[in-house]
Amino acid sequence: MKYYLITGGAGFIGSNFVKFMLKKYQDVHVVILDNLTYAGNLGTLKNELKDPRCTFVKGDICDQEVVKKIFSGYPIRYVVNFAAESHVDRSIENPQLFLQTNILGTQNLLDVAKKNWTTGKDEKGYPAYLDGVKYLQVSTDEVYGSLGETGYFTETTPLDPRSPYSASKTGADLIVVAYSETYKMPVNITRCSNNYGPYHFPEKLIPLIIKNILEGKKLPVYGDGTNVRDWLYVEDHCKAIDLVLHKGRTGEVYNVGGHNEKQNIQIVRLTIETVRRLLKENPEYRSACRGEVNSSEKKTPDNIDDWMNDSLITYVTDRLGHDQRYAIDPAKITKELAWSPETKFEDGIVKTIRWYLENQDWVNEVTSGDYQKYYEEMYGSR
Ligand code: NAD
Ligand code: DAU
């Protein structure tokens, strides 16, 4: 049995990774460490938690005692750190929380892993490590800053973060590099572009737009909608992490991206069209469409052609310091590890929208807490 510590495993990508690993390998035991912020949900893991190969620990990655206890309870050989505050808009409101979780939490995990994996010293005084251990930091393309109309981020692009979120992720990357250089700790960093897919919290663009369309609400597009993101289906990201963890060269950074650039406004229009088409083709999805009663008409599945269209789009005040364009060059991971994205965007977006149509209970569950308050604060006055 191989023991993995997967932090942030109740969030979007972390939970997809837990599901992927338990399905792909028989001889794995995953210990999930997550403190269940608004973005973490145990309902996401309800099937996995019945599996004896999966253990859930509710706790903070910044808490040294909790992490130490996990290492003394299980022979952890891999750490994959997904845990983070991940939303740029929230980082603009509360930067300190991002620095706390994303930087200090990362350093705490590195420290406890290093102590538990050290077996002695080599002839130069560096720590020697147990065979086969690895710490993988899940990072983001946002550490490279913002691109103009041309060019791509490669692993050697200078770090140039511009938001509190990306600055905190960059700080985390740098402390991972410091542990690699100073203590020769076996690490990798992956830097991925925007993910989409099941279990994506509806504060991020694609799931928020799907939710609002079904409710007949306005679709808030920041600025002029021309900002570009490079979208990757979440399962393709999980496959890349698995490869880097087991076959990546120690100490290396790998960029992960799908060569799938889209302007936000294209994403919004395509999502409207796809939701409308799926609702018309599949009567069983009608219950997902709650519409909204306004003064003049009721928005129902019977009259979706009248209201489920571009008239829902509303341009709102731009995000402060909004990065214009992200685009990853994944040549290194493709060449060294034979990774390439398998899900075409046209298929992935339909799969994703179907998932949301079929999993409204999950959406209702994760948005039942503070979500309404957050939504009012974010979009109420825009
Ligand atoms: P998410 O916000 O959906 O999930 C984050 C998870 O971390 C949640 O379950 C939350 O409860 C947990 N968490 C937060 N603070 C914690 C703490 N102090 N201790 C323990 N757990 C804590 O995020 P996501 O979109 O799944 O992103 C996962 C990772 O991937 C993040 O590190 C993010 O920076 C990175 N990333 C995300 C994307 C993307 O498009 N979503 C792209 C590239 C990289
Ligand atoms: O690039 C990787 C990053 O992608 C990850 O590191 C982050 O954790 C993840 O949240 C994501 O960041 P973005 O800021 O790109 O994602 P978000 O879904 O918040 O926004 C995508 C784009 O859509 C961005 O240009 C802002 C815009 N947007 C977003 C929301 C929520 C809107 O126009 N309207 C909205 O309501």
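Residues numbered from 1 in each chain as written. Chains lettered and ligands numbered in written order. Predicted model: local features only at pLDDT ≥ 70, side-chain atom pairs only at ≥ 80, totals over all residues. Heavy atoms only, no water.

Caption draft 1: Spatial organisation of the pairing of strand β4 (residues 76-81). Here β4 lies mainly inside the structure; five of its six residues are buried. Note that strand β1 (residues 2-7) and β4 share five bridges and pair parallel. For T7, the partnering residue across the bridge sits in β4 and is N81. Pairing between β4 and strand β7 (residues 134-140): four bridges, direction parallel. Residue Y78 lies in a different strand from β7, and its bridge partner there is K134. (Buried < 20%, exposed > 50% of the residue type's maximum accessible area, 1.4 Å probe, protein only. Helix = DSSP H or I, 4+ residues; strand = E, 2+ residues; numbered from the N terminus. Pairing = 2+ DSSP bridges.)

Caption draft 2: Seen up close, the packing of helix α6 (residues 205-214) against helix α8 (residues 264-281). Where α6 contacts α8, the axes come no closer than 10 Å and their chain directions differ by 45 degrees. In terms of orientation, α6 and α8 fall into the oblique class. When you trace α6 past α8, the crossing you get is right-handed. Only N264, I267, V268, T271, I272, V275 and L279 of α8 make contact with α6, whose side of the interface consists of L205, I206, I209, I210, I213 and L214. Class assignment for the residues of the contact of α6 with α8 results in 11 nonpolar, two polar and no charged. (Axes fitted to C-alpha atoms, helices over the stretch in contact; angles between N-to-C directions. Parallel < 35°, antiparallel > 145°, perpendicular 65-115°, else oblique. Left-handed = near helix turned anticlockwise from the far one by under 90°. Contact = heavy atoms within 4.5 Å. Nonpolar A, V, L, I, M, F, W, Y, C, P; charged D, E, K, R; others polar.)

Caption draft 3: A look at the packing of helix α2 (residues 64-73) against helix α4 (residues 95-117). Closest axis-to-axis distance for the α2/α4 pair is 10 Å, and the angle between their directions is 35 degrees. For the element pair α2 and α4, the recorded crossing hand is right-handed. Residues Q64, V67, K68 and F71 of α2 form the contact with α4, whose own contacting residues are N108, L109, V112, A113, N116 and W117. Here the contact of α2 with α4 is built from residues that sort into six nonpolar, three polar and one charged.

Caption draft 4: Region of the structure containing the site of ligand 1. Taken together, 28 residues lie around ligand 1, and I13, D34, S86, Y165 and K169 are the ones closest in. In the environment of ligand 1, an oxygen atom lies 3.0 Å from a nitrogen or oxygen atom belonging to the backbone of T37. The side chain of S86 places a nitrogen or oxygen atom 2.6 Å from an oxygen atom of ligand 1. Bound to the protein, ligand 1 loses 96% of the 830 Å² it would expose on its own. Secondary-structure elements contributing two or more residues to the shell around ligand 1 are α1 (12-24), β7 and α5 (164-183). (Near = heavy atom within 4 Å. Polar contact = N/O pair within 3.5 Å; in protein donor to acceptor, adjacent residues only side chain to side chain. Areas by Shrake-Rupley, 256 points an atom, 1.4 Å probe, with all protein chains shown as cover.)

Caption draft 5: Molecular detail of the site of ligand 2. As a matter of local geometry, ligand 2 sits amid 24 residues, with D141, Y165, R319, H322 and Y379 nearest to it. A distance of 2.8 Å is found between an oxygen atom of ligand 2 and a backbone nitrogen or oxygen belonging to Y222. Within the side chain of R229, a nitrogen or oxygen atom sits 2.8 Å from an oxygen atom of ligand 2. For ligand 2, the protein covers 94% of the area, taking 680 Å² as the surface of the free molecule. Elements supplying a minimum of two residues to the shell around ligand 2: α6 and β10 (219-222). Class assignment for the residues of the shell around ligand 2 results in 10 nonpolar, eight polar and six charged.

Caption draft 6: Broad picture of α1. Its 13 residues place the ends of α1 19 Å apart at the C-alpha level, agreeing with the 18 Å of an ideal helix rising 1.5 Å per residue. With 11 of 13 residues buried, α1 is to be regarded as a mostly interior element. Three or more residues of α1 are buried, namely F12, I13, G14, S15, N16, F17, V18, K19, F20, M21 and L22. Buried residues along α1 sit against β1, β2 (28-34), β3 (54-58), β4, β9 (195-196) and α7 (234-247). (Expected span 1.5 Å × (residues − 1).)

Caption draft 7: α2, seen in detail. Along α2, the residues classified as buried are V66, V67, I70 and F71. Summarising the axial view, the buried residues of α2 lie within an arc of 135 degrees, below the 170-degree limit, and thus occupy one face. Exposed and facing more than 90 degrees away from the buried side of α2 are E65, K69, S72 and G73. For α2, the elements touching its buried residues are β1, β2, β3, β4 and α4. Sitting at the amino-terminal end of α2 is D63, which places a side-chain oxygen 3.0 Å from the backbone nitrogen of E65. (Arc of directions from axis to C-beta.)

Caption draft 8: Region of interest: unusual backbone geometry. The phi dihedral of L36 is positive, around 55 degrees, even though this residue is not glycine. If you trace the backbone, L36 turns up in the loop between β2 and β3. The class of L36 is partly exposed, set by a relative accessible area of 25%. A positive phi angle, near 50 degrees, is found at H259, a position not held by glycine. Residue position: H259 is located in the loop between β13 (253-256) and β14 (261-263).

Caption draft 9: Broad picture of the packing of aromatic side chains. Applying the stated rule across the entire model yields 21 aromatic pairs. With centroids separated by 6.5 Å and ring planes inclined at 25 degrees, the aromatic side chains of F17 and F20 adopt a geometry described as stacked. Taken together, the residues span about one helical turn, with F17 and F20 both in helix α1 at a distance of three residues. The exposure classification of F17 matches that of F20, with both residues buried. Aromatic side chains Y196 and Y233 sit 5.4 Å apart centroid to centroid with 65 degrees between the ring planes, which places their arrangement in the edge-to-face category. Placement of Y196 in strand β9 and of Y233 in strand β12 (residues 232-233) is noted, with a sequence separation of 37 residues between them. The exposure classification of Y196 matches that of Y233, with both residues buried. Put simply, the rings of Y38, F201, Y222, Y371, Y375 and Y379 touch in pairs and so form one group of aromatic residues. The side chain of K114 reaches across the aromatic face of Y183, ending 4.5 Å from its centre. Here the guanidinium or amino end of K184 rests over the ring plane of Y126, the centre of that ring lying 4.8 Å away. (Phe/Tyr/Trp six-rings, centres within 6.5 Å; stacked < 30°, edge-to-face > 60°. Lys NZ or Arg CZ within 6 Å of the ring centre and 35° of its normal.)

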